[in-house]
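Summary of structural features
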Amino acid sequence: MHTVGLDGWPDAADQPDPGAMSCGTVLDYRSAEQRLQSHADLWLTSLTGVDPAAHDGWAAVLDEVDRVMLAGVGEAAAAGEDSALQNMLVFMDVGRRAAARGDLRVAATSLAYCETFAQGL
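Cut-offs applied
- Residues numbered from 1 in each chain as written.
- Predicted model: local features only at pLDDT ≥ 70, side-chain atom pairs only at ≥ 80, totals over all residues.
- Heavy atoms only, no water.
- Helix = DSSP H or I, 4+ residues; strand = E, 2+ residues; numbered from the N terminus.
- Buried < 20%, exposed > 50% of the residue type's maximum accessible area, 1.4 Å probe, protein only.
- Areas by Shrake-Rupley, 256 points an atom, 1.4 Å probe, with all protein chains shown as cover.
- Expected span 1.5 Å × (residues − 1).
- Arc of directions from axis to C-beta.
- Contact = heavy atoms within 4.5 Å.
- Polar contact = N/O pair within 3.5 Å; in protein donor to acceptor, adjacent residues only side chain to side chain.
- Salt bridge = Lys/Arg side-chain N within 4 Å of Asp/Glu carboxyl O.

1. Details of the overall build of the protein
Within the protein, the secondary structure is distributed over four helices and zero strands. Counting helices and strands in the order they occur from the N terminus, the protein gives α-α-α-α. Per-residue burial over the protein gives 30% buried out of 121 residues. Accessible surface for the protein amounts to roughly 7,200 Å². Of this, 52% is attributable to carbon and sulfur atoms.

Shown next, in the form of structure tokens:
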């Protein structure tokens, strides 16, 4: 788990039983809202141009992000190109629908999967 080496990570701690979790396991104790904002700050806004402050709640933010990503995939397809955003659409849709139901924990988890793909862009 090695969370002790994550300086500045909220609630970083040693795993008392190193055999209980594999190396690389991360436990994030922040609220769903904090995790969503972290995704927006770190990669989502720069990738899509969608600013959470300009929208009323995470459901509206993720609806707009989904719209922007779909448009990007469509533009790439029209140009005969593949879009790396294509890989993110399923996870973004899950997050968008979860936020619409008020389940921000699932929405934040979906963005964590999207972040993995965003790192390759």
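2. A word on helix α4 (residues 104–118)
Owing to its 3.6 residues per turn, the α-helix aligns residues three or four sequence positions apart on the same side. Across its 15 residues, α4 extends 20 Å between first and last C-alpha, which sits within 8% of the 21 Å expected from 1.5 Å per residue. Three or more residues of α4 are buried, namely Leu104, Ala107, Ala108, Ser110, Leu111, Cys114 and Ala118. When α4 is viewed along its axis, its buried side chains cluster within an angular range of 160° and face the same direction. Along α4, exposed side chains directed more than 90 degrees from the buried face belong to Arg105 and Thr116. Where the residues of α4 are buried, they touch α1 (32–48), α2 (58–78) and α3 (89–101).

3. Some thoughts on the side chain of His39
Locating His39 in the fold gives a position in helix α1. Overall, the relative accessible area of 8% leaves His39 in the buried class. At 3.3 Å, the side chain of His39 and the side chain of Glu115 are in polar contact.

4. Concerning the pattern of salt bridges
Under the definition given, this model contains five salt bridges. Across the pair Arg67 and Glu64 runs a salt bridge whose closest N-O atoms are separated by 2.6 Å. Separated by three residues within a single helix, Arg67 and Glu64 lie in helix α2, roughly one turn from each other. Residues participating in the shared-partner salt-bridge network are Asp63, Asp66, Asp93, Arg96 and Arg97.

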